[in-house]
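Now for the letters of each chain:
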There are 2 protein chains.
Amino acid sequence: MRLNYKIIFHFLGLLLLFNGGFMLLAGLVSLIYRDGVTLEIFLAGIVTLLTGIFMMVSTRNHRKEMNKKEGYIVVAFGWIIMSLSGTLPYVITGAIPSFTNAFFETMSGYTTTGASILNDIEVIPKGVLFWRSLTHWIGGMGIIVLAIAILPLLGIGGMQLFAAEAPGPGGDKLHPRITDTAKRLWLIYFGYTAAETILLKVAGMSFFDAINHAMSTLSTGGFSTKNASVAHWNDTPVIQYIVMLFMFLAGTNFVLSYFAFKGKVQKIFKDEEFKLYFKFITIFTIVAALLIYFRADITQSTVDHPMVLGQLESAVRHGLFQVLAIVTTTGFVSADYTAWTPFLTVFFFGLMFLGGSAGSTAGGVKVVRHLVLIKNGFLEFNRSLHPNAILPVRYNGKSVSKDIVFNILAFFILYMLLFIIGGLVFSMFQIDFESAIGLSASSLGNVGPALGDFGPVNNYAALPQLGKWWAAFMMLLGRLELFTVLILLTPFFWRKR
Amino acid sequence: MRLNYKIIFHFLGLLLLFNGGFMLLAGLVSLIYRDGVTLEIFLAGIVTLLTGIFMMVSTRNHRKEMNKKEGYIVVAFGWIIMSLSGTLPYVITGAIPSFTNAFFETMSGYTTTGASILNDIEVIPKGVLFWRSLTHWIGGMGIIVLAIAILPLLGIGGMQLFAAEAPGPGGDKLHPRITDTAKRLWLIYFGYTAAETILLKVAGMSFFDAINHAMSTLSTGGFSTKNASVAHWNDTPVIQYIVMLFMFLAGTNFVLSYFAFKGKVQKIFKDEEFKLYFKFITIFTIVAALLIYFRADITQSTVDHPMVLGQLESAVRHGLFQVLAIVTTTGFVSADYTAWTPFLTVFFFGLMFLGGSAGSTAGGVKVVRHLVLIKNGFLEFNRSLHPNAILPVRYNGKSVSKDIVFNILAFFILYMLLFIIGGLVFSMFQIDFESAIGLSASSLGNVGPALGDFGPVNNYAALPQLGKWWAAFMMLLGRLELFTVLILLTPFFWRKR
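Residues numbered from 1 in each chain as written. Chains lettered and ligands numbered in written order. Predicted model: local features only at pLDDT ≥ 70, side-chain atom pairs only at ≥ 80, totals over all residues. Heavy atoms only, no water.

1. A few points about the overall build of chain A
1) Next: Of the regular secondary structure elements, chain A holds 20 helices and 4 strands.
2) Next: On C-alpha atoms alone, chain A measures out to a radius of gyration of 22 Å, which is about the 23 Å that the 2.2 N^0.38 rule sets for 497 residues.
3) Next: Principal-axis analysis of the C-alpha atoms gives chain A an extent of 75 × 70 × 55 Å.
4) Next: When burial is assessed residue by residue, chain A has 64% of its 497 residues classed as buried.
5) Next: Counting contacts in chain A only where the partners sit at least 6 residues apart, residues at least 24 apart contribute 72% of the total.
6) Next: Charged side chains of chain A number 36 positive and 26 negative; the gap between the two group centres comes to 14 Å. (Helix = DSSP H or I, 4+ residues; strand = E, 2+ residues; numbered from the N terminus. Rg over C-alpha atoms; globule rule 2.2 N^0.38 Å. Buried < 20%, exposed > 50% of the residue type's maximum accessible area, 1.4 Å probe, protein only. Contact = heavy atoms within 4.5 Å. Lys, Arg positive; Asp, Glu negative; His and termini not counted. Charge placed at Lys NZ, Arg CZ, Asp CG, Glu CD.)

Listed below in structure tokens is the structure:
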């Protein structure tokens, strides 16, 4: 099968058209707040829009069907072209003059990572800040359609398993139409964003902060309009509880939200991934909250805090907030989790490998994969005792095909391998062990805050230029479920049959 | 199938008999060197010997055949009972008065880890030091028979793949006779140890140091008779080259050495695992040596050393030595690898996950597993492009059954999971991130030196009591290929059918 570049360009053009339109929206926000960079943002939007239109028009007589290889290219280059064009509002307004920094910030935006190179967020013009949160929100939309409509067809990392409504894998042809399911899920995504905006406004945030944080939450991104992130509202717990609720929802499979609105609540509580996601969060929050409350080495039994209800509430709130922020890979910060106890540093580092639910906007390995890994691990013990018994992994009442389990095992191993390689590359830049390892786990998992010099109270500005490019590449790898990007780097992908 | 405790006790008794005999040998060494603790060591030996004889005699009318479950119990409890009885020479002589410390030291010995709690090795009586090295050597013998004759029958972690001569898996009955193959490999193990002893003596070591280091090398253990480990002989490079040669051999499948002595050299160079093992060591040595030589951040091009041949030799030697010491999981130290550059710290940390060849005495994941993982990873890309093609992993010209690949994937994932859990537990003892992560990787991989506070120039004495027990448990887990120990912790193992 020969690659048809026309269809590829056509779709990339469509993405630019779409992106340019969103830039015009940011320009509108800039106009409303009279931040002085309105013309620059509009210019960026028009350039992007026209480029997109030009690409679409010049390739309008493309073949109608896309094959798998073209699908891979559109997905990976789609994310890259979005990030490249997304730098324009930063560069033209001068908010982020360096191209490397601007590219890092947009890639971090579209991959919903939320790592930032901005030392002072609060001086950035409002239109540009809005654009920054919008890159998250657009990225989140992309991930939903990817998870529901595209990855299952490409057969990547067991994604066939989660797309409840999506057509099954098997065929070689890919129909890149956005399915009705994706449209319904976008509606929910939009509705949740609106709801969080309203609730945050009512709880006391300014409307601007509210909408930005809502977009950042639902996409599990993590960009904030404040230097202190959500810790800025430490005196208004209700705001933090609202953010937590929506982080939880954003890390849940959107298909389950759809079922909820359809009244099929029993489907949610039967979903094994959701149950494990819920259990993980509950258990990890209890552990974190207890440790924060006692702030003590758990191997010693000294209680150095009096039993004050307010402190207990604070411990539970920060514990839950940070567990949700890391597990859903949002990466908002309510407190510095690396400053509690050495145990909690390793604990939150470990949580970076969890990830939210499949079919959510969260990054990382994803709960369903862990579920299959755990179930298969137990079965493997049983298999070694009874080598002739056939013991398939069962998920939501159905037995999972061995190919899918295989796929998931290979995904996890590749993930760990890339994590190690990532850490090695970061350590080349004279970054210490803890920071390098943390950067690798955080970038690959699309979390945002890392450890050490790049922990929750720091940002990525101190990373050397090459390190920023490497981090951006790792974010892309993680976001596109590894295979989609790596397959483009294999020689046989480009071989003509 | 009901467990037959008689046969289990019988074999554990046999192990004690064997262990007691070796203690008497250490007593003899003590007598020769007149170190003043001869009677104490003989006492330990006689107690162990008599206990073993008593256990064997009282269970002499045992059933002849052992089933799989009994096999698992004998293997795991065998290592534990060896470690328990192995503490006697330490405790009775007072060389290591604390039972926890003595148990840690023996477990580290039998698992050929080589981590030590001794702050001053050189004051320990010679008979006890000889016993210490002997625990490594006995452990190495145990691992050879385990890898060749026992684990393939239990069907653990793809071990079926490596045991070239061993009978295939499938049956439920286990014949725990030591195969002829194992006996031949022991002969090679013994021969290598003798050869290294002679070479080290000729190169200038005392006979006592020579035999101790030879036992420690061939078992890929790492206990030294000097506080500075092999760095003690930094002025005698030939000694370090001899140690390197035998580390390399100890990390190679002993079956290949057997082929070499049979004149079938072509078999060695056709062995895919050996080729990868060789390539890994070559490439990693080049990287390490270059970085040590220039001692510079590789992202900067400053050369701060003049081109002196002696320095180049030293860089290559220390690079090769540390690569071999970590990859073969011996853990000898010629220089502090955590003091070079941040990159090399992460680099050696990464190497802790490699492990030597299967069928060698090395610990860790093992090269053949990485080979299968890498091959399967590439195939997984191909499979996602051509979902209907059947693409099996091929190893040494044969296609590997999907069950074995599955087994290896599950092994690796379990290994990484245990590594994370291990790090979490260590961090509970107020140990910092880098040290906790390093301890976990090093204990599980049976390496010895870790990172940070437990790096190559430190020892494990500073670990809290509970931490020592946890480290000992992790060493046992890693040494027995995870499944053998973990299966005993599952409820269905103990369920009667």
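2. What to know about the relation of the copies chain A and chain B
Two copies of one chain are present, and they are related through a rotation about an axis combined with an axial shift.
1) Next: Each copy of the sequence occupies a distinct position, and chain A is placed on chain B by a rotation of 180° and an axial shift of 0.0 Å, giving an RMSD of 0.0 Å. What we have between these two chains is a two-fold relation.
2) Next: Same-surface contact between copies: 100% of interface residues of chain A are shared with the interface of chain B. (Least-squares fit on C-alpha atoms with pLDDT ≥ 70 in both.)

3. What about the packing of helix α17 (residues 433-444) of chain A against helix α18 (residues 465-479) of chain A?
Residue and element names in this part refer to chain A.
1) Next: The interhelical angle for the contact between α17 and α18, taken along N-to-C directions, is 45°, at an axis separation of 7 Å. In terms of orientation, α17 and α18 fall into the oblique class. From α17, Ser440, Ser443 and Leu444 reach across to α18, where they touch Ala471, Met474, Met475, Leu477 and Gly478.
2) Next: Grouping the amino acids of the contact of α17 with α18 by side-chain chemistry returns 5 nonpolar, 3 polar and no charged. (Axes fitted to C-alpha atoms, helices over the stretch in contact; angles between N-to-C directions. Parallel < 35°, antiparallel > 145°, perpendicular 65-115°, else oblique. Nonpolar A, V, L, I, M, F, W, Y, C, P; charged D, E, K, R; others polar.)

4. Concerning helix α7 (residues 180-203) of chain A
Residue and element names in this part refer to chain A.
1) Next: With 24 residues, α7 extends 35 Å between its outermost C-alpha atoms, agreeing within 8% with the 34 Å of an ideal straight helix rising 1.5 Å per residue.
2) Next: Restricting attention to buried positions, one finds in α7 the residues Thr181, Ala182, Leu185, Ile188, Tyr189, Tyr192, Thr193, Glu196, Thr197 and Leu200.
3) Next: Turning to α7, the residues buried within the fold contact α6 (126-154), α8 (207-218), α9 (237-250) and α10 (254-261).
4) Next: Just beyond α7, the residue with positive phi is glycine 204, at close to 125°. (Expected span 1.5 Å × (residues − 1).)

5. Observations concerning the interface of chain A and chain B
1) Next: Across the boundary between the two partners, chain A contributes 62 residues, which contact 62 residues of chain B.
2) Next: Both sides of the chain A and chain B interface together cover about 5,600 Å² of buried area, and 77% of this is carbon and sulfur.
3) Next: The residue B:Lys402 makes a salt bridge to A:Asp403 at a minimum N-O spacing of 2.9 Å.
4) Next: Where chain A packs against chain B, one counts 6 residue pairs in polar contact (both at pLDDT 80 or more).
5) Next: Put simply, the parts of the chain that give the side of chain A that touches chain B at least two residues each are α3 (68-86), α14 (342-351), α15 (367-385), α16 (402-427), α17, α19 (483-486) and α20 (491-494) of chain A.
6) Next: The element contributing the most residues to the side of chain A that touches chain B is α16(A), with 15 residues.
7) Next: Among the residues forming the side of chain A that touches chain B, the class breakdown is 35 nonpolar, 16 polar and 11 charged. (Buried area = accessible area lost by both parts, 1.4 Å probe. Salt bridge = Lys/Arg side-chain N within 4 Å of Asp/Glu carboxyl O. Polar contact = N/O pair within 3.5 Å; in protein donor to acceptor, adjacent residues only side chain to side chain.)

6. Quick notes on the packing of aromatic side chains
All names here are of chain B.
1) Next: On inspection of all chains with the given rule, the structure shows 77 aromatic pairs over all chains.
2) Next: With 6.0 Å between their ring centres and 70° between their planes, phenylalanine 248 and phenylalanine 274 make a pair best called edge-to-face. Separated by 26 residues along the polypeptide, phenylalanine 248 in helix α9 (residues 237-250) and phenylalanine 274 in helix α12 (residues 272-294) bring together distant segments of the chain. By the burial criterion, phenylalanine 248 is buried, and phenylalanine 274 matches it.
3) Next: Aromatic pair phenylalanine 493 and tryptophan 494: ring centres 5.0 Å apart, planes at 75°, arrangement edge-to-face.
4) Next: For phenylalanine 493, a relative accessible area of 1% puts it in the buried group.
5) Next: Classification of tryptophan 494 as partly exposed rests on a relative accessible area of 40%. (Phe/Tyr/Trp six-rings, centres within 6.5 Å; stacked < 30°, edge-to-face > 60°.)

7. Concerning the environment of A:Ile431
1) Next: Mapped onto the secondary structure, A:Ile431 falls in the loop between α16 and α17.
2) Next: C-alpha separation for the pair A:Ile431 and A:Gly452, spaced 21 residues apart in sequence, amounts to 9.7 Å.

8. Some thoughts on the pattern of salt bridges
Residues and elements named next belong to chain A.
1) Next: Counting across every chain of the model gives 14 salt bridges over all chains.
2) Next: Taking the shortest distance from any N to any O, the salt bridge between lysine 226 and aspartate 209 comes out at 3.7 Å. Taken together, the residues lysine 226 in the loop between α8 and α9 and aspartate 209 in helix α8 connect sequence positions 17 residues apart.
3) Next: On the accessibility criterion, lysine 226 (18% relative accessible area) is buried.
4) Next: Several salt bridges converge on common partners, so that one network encompasses Lys366, Arg369 and Glu481.

9. Comments concerning the nonpolar core
1) Next: Ranked by size, the top nonpolar core spans 335 residues in total, and within it A:Phe347, A:Phe348, B:Phe347 and B:Phe348 carry the most contacts.
2) Next: Each residue touching A:Phe348, except ones within four places of it in the same chain, is listed here: A:Ala288, A:Gln322, A:Val323, A:Ile326, A:Tyr337 and A:Trp340. (Core = buried A, V, L, I, M, F, W, Y, C linked by side-chain atoms within 4.5 Å.)

10. A few points about a nonpolar patch on the surface
1) Next: Together, A:Leu25, A:Leu28, A:Leu31, A:Ile32, A:Tyr33 and A:Phe207 line one region of the surface with nonpolar side chains, adding up to about 570 Å² of accessible area.
2) Next: On the secondary structure map, A:Leu25 appears in helix α1 (residues 5-33). (Patch = residues over 30% accessible without salt bridge, like charges linked within 9 Å, V, L, I, M, F, W, Y side chains within 5 Å. Areas by Shrake-Rupley, 256 points an atom, 1.4 Å probe, with all protein chains shown as cover.)

11. Notes on the side chain of B:Thr217
All names here are of chain B.
1) Next: Mapped onto the fold, threonine 217 is located in helix α8 (residues 207-218).
2) Next: Using a relative accessible area of 0% as the deciding quantity, one classes threonine 217 as buried.
3) Next: Polar side-chain contacts of threonine 217 include one of 2.9 Å to the side chain of glutamate 196.
4) Next: Every residue in contact with threonine 217, bar those within four places of it in the chain, is listed here: Glu196, Val243, Phe246, Met247, Ala250 and Phe332.

12. Points about the environment of A:Ala250
Residue and element names in this part refer to chain A.
1) Next: In this structure, alanine 250 sits in helix α9.
2) Next: Given the relative accessible area of 0%, alanine 250 is considered buried.
3) Next: In this structure, the C-alpha to C-alpha distance between alanine 250 and glycine 359, residues 109 residues apart in sequence, is 9.6 Å.
4) Next: Apart from residues lying up to four places away in sequence, alanine 250 is in contact with Thr217, Leu218, Thr220, Ser360, Thr361 and Ala362.

13. Describing the confidence of the model for chain A
Residues and elements named next belong to chain A.
1) Next: For chain A, per-residue confidence averages 87 on the pLDDT scale, and 91% of positions sit at 70 or higher.
2) Next: Strand β2 (residues 173-174) is the least confidently modelled element of chain A, averaging 42 in pLDDT, while α8 averages 97, the highest of any element.
3) Next: A low-confidence stretch, residues 164-177 (pLDDT under 50), is modelled with 28 contacts involving residues beyond four sequence positions or located in other chains.
4) Next: Across residues 296-307, confidence stays below pLDDT 50; counting only partners more than four residues off in sequence or on other chains, it has 20 contacts.
5) Next: Overall fold confidence (pTM) sits at 0.87, and the ipTM for the predicted complex is 0.82. (pLDDT = per-residue confidence, 0-100.)

14. Quick notes on a positive patch on the surface
Residues and elements named next belong to chain A.
1) Next: A contiguous patch of positive charge on the surface is contributed by Arg184, Lys262, Lys264, Lys267, Lys270 and Lys398.
2) Next: The topology assignment puts lysine 270 in helix α11 (residues 265-270).
3) Next: Residue lysine 270 is classed as exposed on the basis of its relative accessible area, which comes to 61%.

15. Considering the side chain of A:Thr330
Residues and elements named next belong to chain A.
1) Next: Turning to its location among the elements, threonine 330 is positioned in the loop between α13 (309-327) and α14.
2) Next: Residue class for threonine 330 comes out buried when judged on its relative accessible area of 0%.
3) Next: Engagement of the side chain of threonine 330 in a polar contact is seen with the side chain of threonine 328, the distance being 2.7 Å.
4) Next: Setting aside its immediate chain neighbours within four residues, threonine 330 contacts Thr113, Ser216, Thr220, Gly221, Gly222, Met247, Ala325 and Val447.

16. Points about the environment of A:Thr329
Residues and elements named next belong to chain A.
1) Next: Here threonine 329 is to be found in the loop between α13 and α14.
2) Next: Judged by its relative accessible area of 0%, threonine 329 falls in the buried class.
3) Next: In the structure, threonine 329 is positioned 186 residues away from isoleucine 143 in sequence and 14 Å away in space, judged by C-alpha atoms.
4) Next: Setting aside anything within four residues of it in sequence, one finds threonine 329 in contact with Thr112, Thr113, Thr220, Gly221, Leu324, Gly355, Ala362, Gly363, Gly364, Gly445, Asn446 and Val447.

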